[in-house]
Amino acid sequence: MKIIRNLILICALETVMSVTTISQAQPVTKIAAGYQHSMFLKGDGSLWVMGYNIQGALGDGTSGFNVQTNFPELILTSDVMAVAAGGSHSLFLKSDGSLWAMGANSSGQLGNGSYFGAKQPVNIVGSDVTAIAAGSGYSLFLKSDGSLWGMGDNGLGQLGDGSYNATNAPEQIVASNVTAIAAGFAHTLFLKRDGSLWAMGFNDSGQLGDGTYGSGNHTNLPEQIVASNVTEIAAASYHSMFLKSDGSLWVMGANDDGELGDGTYNSTCGAAGANFTHVHVDWLFAVLISGVTVATVTLFVNTLPTIGTSVRVRLVLPPTASVPAENRTLPAENTPPDEAESNVVFA
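For the structure given in this document, a descriptive report is provided here.

What counts, and where the lines are drawn
Residues numbered from 1 in each chain as written. Predicted model: local features only at pLDDT ≥ 70, side-chain atom pairs only at ≥ 80, totals over all residues. Heavy atoms only, no water. Helix = DSSP H or I, 4+ residues; strand = E, 2+ residues; numbered from the N terminus. Contact = heavy atoms within 4.5 Å. Buried < 20%, exposed > 50% of the residue type's maximum accessible area, 1.4 Å probe, protein only. Pairing = 2+ DSSP bridges.

For the rest of this paragraph, the subject is the overall build of the protein chain. Along its length, the protein chain carries one helix and 25 strands. Contacts in the protein chain between residues at least 24 apart in sequence constitute 46% of all its contacts with a sequence separation of at least 6.

As a further point, take unusual backbone geometry. Positioned with a positive phi, Asp-79 is a non-glycine residue whose angle comes to about 75°. Among the secondary structure elements, Asp-79 is positioned in the loop between strand E4 (68-76) and strand E5 (80-85). Phi angles above zero are rare outside glycine, and Asp-128 is one such case at about 75°. Assignment of secondary structure puts Asp-128 in the loop between strand E8 (118-125) and strand E9 (129-134). Under the relative-accessibility criterion, Asp-128 is labelled partly exposed at 45%.

When a strand is regular, its side chains alternate between the sheet's two faces. With five of six residues buried, strand E14 (residues 187-192) is to be regarded as a mostly interior element. Pairing analysis gives five bridges linking strand E13 (residues 178-183) to E14, with the strands arranged antiparallel. From the neighbouring strand, Ala-182 faces E14, where its bridge partner is Leu-189. In sequence, E13 turns back onto E14 through a hairpin of three residues. Here five bridges tie E14 to strand E15 (residues 197-202), and the two strands are oriented antiparallel to one another. Residue pairing across strands places Thr-188 opposite Met-200, the latter belonging to E15. Count of turn residues in the E14/E15 antiparallel hairpin: four residues, of which Gly-195 carries a positive phi of about 85°.

This is the structure we're talking about:
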């Protein structure tokens, strides 16, 4: 009898080990990171979460100051196709095009018509949703017709509806032709079908890339930043990034910790290309070396320069530029060899 019981235990253990192995074998296909929580999807469409759950962002039915998990927790077993993690709320998209939300809702970011949070997933839109994004206290989504919708906090114009009023129900912002969205702390980026980049919301560090910045700087309407050829976007708390069709990487906004990757710790209020061939903002001019344009850059000025004014600027040269020593100003001591200074005269 003892032998039979041991055999049963061994078989049961093998079964558990087999199930665990199958689960772990499923590849992770999508990921999202919030302020203090994380989400991911597996190949079978299952939704998994981990982290801090003070306001129910994990969607497991619990919440509280000391509620957290340091190991992935299964929330849904199938049919989830996209995830987005905000400050203390979460969004996910199902394969039927339905939008679901859970977590904090003090600004209406769940879009469920109330300002009460949800510890479990709540259905917000029944169908036709194709993309989602979550900011600090607001949410965005796209529909299959290319329309852009938003809900939640709007104190800095991040919804782009022309007001600074929060909304607890989905509101249409743009009627058509939007193909991608990104949400930062309180600023929004989106792409249109023609490859143009648009932005709205908080702009204290120049994260909109429109050539302006300041503690009171924000816009509550979409503003075109780049006219064409943008293919991908990303928004962090106070800086933004995008890719162009030529594979170049562009950045703008806060740079206190070097997050722009431009070799400085200086913030920029215009899009700075990682290959330094173009900067799109206020005063555009071409830099000529031996009569050949090697870079197009922008000078940021607070007031209109007087005709004939000479301004000293530093140019970071493209890595492909071959510059004879006699045709460039020698760098100052400790200046990287790919930088040079030049005078720009406004004519």
